[in-house]
Amino acid sequence: MSGLRKFSLKQARRGQLRDYGTALAWTPDGAQVAMASAAGEIVLISLDGAPQQVLQEADGQSIDVLAMSPDGQFLAAGGQAGTLLIWRLGESPELISRLDNPRTWLDHLAWHPQRNELAMGLGSYVQIWDADAAEVVTTVMFESSSVLDLAWHPEGTQLAAGGHQGIKVWNCQDWDEDPQIYELPTVSVCLAWSANGEYLASGNMDRTLVVWAMGNPYPWQMQGFPGKVRDLAWSEFWLGEAPLLASSSREGIVIWHKHQNDDQGWNPQVLELHNARVSAIAFQPQTQLLASASEDGSICLWADAIEVVQLLDGAEAGFSALAWNPSGTALAALGQAGDWLLWQQRRPKTGFF
Amino acid sequence: MVNTPMLNTVPVTVLTGYLGAGKTTLLNRILTYEHGKKVAVIVNEFGEVGIDNQLIIDADEEIFEMNNGCICCTVRGDLIRIIGNLMRRRDKFDHLVIETTGLADPAPVIQTFFVDEDMREQLNLDAVVTVVDAKHIHDHWDADEAQEQIAFADVILLNKTDLVSEAELQDLETRIRSMNIMAKVYRTQDAAIEMNDILGVKAFDLNRALEVDPQFLDEDAHEHDETVGSIALVEAGAVDAEKLNAWLSELLQTQGPNIFRMKGILNLEGEDDRFVFQGVHMLFDGSPDRPWKPQEPRKNELVFIGRDLDETQLKEDFRACLV
């Protein structure tokens, strides 16, 4: 694939936030991206160069998470102040909800993949907010610690929350039903469902990675990481047995390929190039190309999650976040010093294809 | 347990003490006193700090037990999460103070800064400061938390001295000293203390000299029979590093949960440099220090603070490590 269509990105825009870049969220059409910083500002940047829209000025209270509803109607934000903010986007974005959660650092938000329902981690609870009806759907208890990560099953049938002692998965048809427990003898730092919904992965504090196949209570456990497993990404597209799973720990990235035989588990492939902590990893939608951002100030693009085909820079103090737009034609990144950059795919030359 | 304060790491002061001892008064002083430091505070008891500040963050105590409940792998998950968020704003503060609840065991807080990779890389533990209510401590003597808060401390504020007599104070101070001979004890009213005495203390800096009150070593007067106490060993002679290693690892494995803190300076055989070490429960860290000075008597000094420690046995076992 990669031989046929040489992929490369070109810087399209760049700018500056007031402090450490914390969060990114693209609109579903991929034309705009929302960005936030530790100084509290939230801006909306257009890929085409239109002037930025400021949704919130820096107020000194960090914004740490942004989430765009799948229909592109709502943008949710949360942070240090504990206030959940929801804007209705459009010609002139309008702040429609402002929900205070005192004493809570709001750092995990996730929209249901089809409905305008937002899951948020409120300490050791998870609350579901219906943005259309502007009301709380339910509040469930994670219990064993604060919620350290949240993710809806891609079909929207279940919601997973991770933290101390593992992951709890609620059935969205019946929130009162006891959650299914994926137990771990450690702390789940990050979790991710594969796009086909068949696998659930947990990156853990004890330097392990655990993957469950749905319907099988016995997970695979991968070891040998140099530190906490901080970030996970599944490929949307794959050629082998299962989607590729990328994991990051310190300056290293490991790609896991599932073996044909379940008993053989997953084969690791180490991607080494970064020389400081990897801060974010993301597969390009619809391909096996992986982008990795690091505190070393570089972003690597790994074709087929194997070899580096392009290096991007522009954040001298190091990169803190990165996100592809949904069509995979543009990449946005934030820096620890507040720089933001957008790259766009070069237009393919007209000719053979 | 490597905790060499590096450039760019943020020093952390852990503030412990029973509810009502004066922690909040001290916190308010830290936040208002002009000491040239930008201080971020993590509070566990909400609503007490009367100062409006963006860098006062609430956190609820969350204990993460890892490795099947191994005591040294018990850390504070809430601190890892909140400090992780806070470090994105590190240009906004240059010192972090963590207030623990009155009933908290200080060990998991301390261990968090040695065990967690993020905390180790970005922060350095400066000191554990414990505020003691001179009048009401007697109501809590038997509580494990009260004893641990004193035992783990580097700095102890004997607060509310105006509410008790000099004789009572003397008695209390002796009692505290027998529990923890490493800590500096200050008598205060309204938690009034020089900021330099509690911020920038560098108590966990290995290269800071071990300061044992020489009086303590002479004293045979450990008249209080607390289960928590200090044991100081001073021995001339050179230590066989291999024997010492074997003894210490055996000691930490069998008695780690009872050894709260230890510190020492050793004269290793064949070495020109002093060897310094410290430990918190089963976490241990040591490194060569400066060379022995020509006139300096080469000796070994070790201090253990813990519960139910057997002084005779410790002495005997240590002597067996001498060449």
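The structure presented is a predicted model; accordingly, all values stated were derived computationally and were not measured. (Residues numbered from 1 in each chain as written. Chains lettered and ligands numbered in written order. Predicted model: local features only at pLDDT ≥ 70, side-chain atom pairs only at ≥ 80, totals over all residues.)

Here's the deal with the overall build of chain A
When helices and strands are tallied, chain A shows zero helices and 30 strands. Over its C-alpha atoms chain A spans a radius of gyration of 19 Å, differing by no more than 12% from the 20 Å that the globule rule assigns to 353 residues. By its C-alpha atoms, chain A is 55 × 55 × 35 Å across when sized along the principal axes. Across the 353 residues that make up chain A, the buried fraction comes to 51%. Restricting the contact set of chain A to residue pairs at least 6 apart, pairs at least 24 apart contribute 43%. (Helix = DSSP H or I, 4+ residues; strand = E, 2+ residues; numbered from the N terminus. Rg over C-alpha atoms; globule rule 2.2 N^0.38 Å. Buried ≥ 20, exposed ≤ 12 C-beta atoms within 10 Å, placed from the backbone. Contact = placed C-beta atoms within 7 Å.)

Focus: the nonpolar core
Ranked by size, the top nonpolar core spans 198 residues in total, and within it Ala246, Leu322 and Ala333 of chain A carry the most contacts. For this core, the element with the most residues is strand E16 (residues 180-193) of chain A, which contributes eight residues. Taken domain by domain, the makeup of this core includes at least three residues from each of domain 1 (10-197) and domain 2 (227-319) of chain B. Among residues more than four places away in sequence, those in contact with Ala333 of chain A are Ala293, Ile299, Ala315, Phe319, Ala321, Leu322 and Leu341 of chain A. (Core = buried A, V, L, I, M, F, W, Y, C linked by C-beta atoms within 7 Å. Domains from an automatic or database assignment.)

Examining the interface of chain A and chain B
Facing the 23 residues of chain A at the interface are 17 residues of chain B. In terms of residue count, E16 of chain A provides more of the side of chain A that touches chain B than any other element does, three residues in total. Tallied by class, residues from the side of chain A that touches chain B come to seven nonpolar, ten polar and six charged. (Nonpolar A, V, L, I, M, F, W, Y, C, P; charged D, E, K, R; others polar.)

As for the sheet that holds strand E13 (residues 135-141) of chain A
Residue and element names in this part refer to chain A. Sheet architecture is open: four strands sit in the order E10-E11-E12-E13, paired in antiparallel fashion. A strand with exactly one partner marks an edge of an open sheet, and here the two such strands are strand E10 (109-111) and E13. Averaged over all pairs of adjacent strands, the angle between strand axes in this sheet comes to 20 degrees, irrespective of strand direction. Looking at chain direction, E10 and strand E11 (residues 117-122) are connected through three bridges and run antiparallel. Following the sheet pairing, Trp111 is matched in E11 by Leu118. (Pairing = 2+ DSSP bridges. Axes fitted to C-alpha atoms, helices over the stretch in contact; angles between N-to-C directions.)

Comments concerning the sheet that holds strand E1 (residues 9-16) of chain A
Residues and elements named next belong to chain A. Sheet architecture is open: four strands sit in the order E1-E30-E29-E28, paired in antiparallel fashion. Two strands bound the open sheet, and with one partner strand each, they are E1 and strand E28 (319-324). Pairwise comparison of adjacent strand axes, ignoring direction, gives a mean angle of 20 degrees for this sheet. Pairing geometry for E1 and strand E30 (residues 339-345), over seven bridges, is antiparallel. Counterpart to Arg14 in the pairing with E30 is Leu341.

With respect to the domain arrangement of chain B
Residues and elements named next belong to chain B. Examined at the domain level, chain B breaks down into domain 1 (10-197) and domain 2 (227-319). Elements with a minimum of two residues in the side of domain 1 that touches domain 2: helix H3 (106-115), helix H5 (144-151) and helix H6 (166-179). Per-element accounting of the side of domain 1 that touches domain 2 gives the leading share, four residues, to H3.

Examining the pairing of strand E11 (residues 259-266) of chain B
All names here are of chain B. A large share of E11 lies buried, amounting to eight of its eight residues. Alignment of E11 against strand E14 (residues 299-307), held across six bridges, turns out to be antiparallel. Across the sheet, residue Met262 finds its bridge partner in E14, namely Phe304. What sits between the antiparallel neighbours E11 and strand E12 (residues 273-280) is a turn of six residues, in which Gly270 has the positive phi angle 80 degrees.

Description of the environment of Gly21 of chain A
All names here are of chain A. Residue placement: Gly21 occurs in strand E2 (residues 21-26). Considering only alpha carbons, one finds Gly21 and Asp339, 318 residues apart in sequence, at a separation of 7.1 Å. Discounting residues that sit within four places of it in the chain, Gly21 has contacts with Met35, Ser37, Ser320, Ala321, Leu334, Gly335, Gly338 and Trp340.

Some details on helix H8 (residues 241-255) of chain B
All names here are of chain B. Over its 15 residues, H8 runs 20 Å from end to end, which matches the ideal 21 Å to within 8%, given 1.5 Å per residue. Turning to H8, its buried residues are Leu244, Leu248 and Leu251. One side of H8 holds all its buried residues, which, seen down the axis, span an arc of 65 degrees. Set apart from the buried face of H8 by more than 90 degrees, the exposed residues are Glu242, Ala246, Glu250, Gln253 and Thr254. Its buried side turned inward, H8 meets strand E13 (283-291). (Expected span 1.5 Å × (residues − 1). Arc of directions from axis to C-beta.)

Remarks on the environment of Ser188 of chain A
Position of Ser188 of chain A relative to the elements: it lies in strand E16. Sequence separation of Ser188 of chain A and Gly30 of chain A is 158 residues, and the distance between their C-alpha atoms is 31 Å.

Side note on the pairing of E13 of chain B
Residue and element names in this part refer to chain B. As paired strands, E12 and E13 are joined by seven bridges and run antiparallel to one another. Bridge pairing in E13 places Gly279 opposite Phe284. Once E12 ends, the chain turns through two residues before running back antiparallel as E13, passing His281 with a positive phi of about 45 degrees.

Describing unusual backbone geometry
Its identity as a non-glycine residue notwithstanding, Ala305 of chain A has a phi of 55 degrees, on the positive side. With respect to the element layout, Ala305 of chain A can be found in the loop between strand E26 (299-303) and strand E27 (307-312). Residue Ala305 of chain A is classed as buried on the basis of its 24 C-beta neighbours within 10 Å. Unusually for a residue other than glycine, Asp190 of chain B sits at a positive phi of about 55 degrees. Here Asp190 of chain B is to be found in the loop between strand E9 (184-187) and helix H7 (214-218). The class of Asp190 of chain B is partly exposed, set by 13 C-beta atoms lying within 10 Å.

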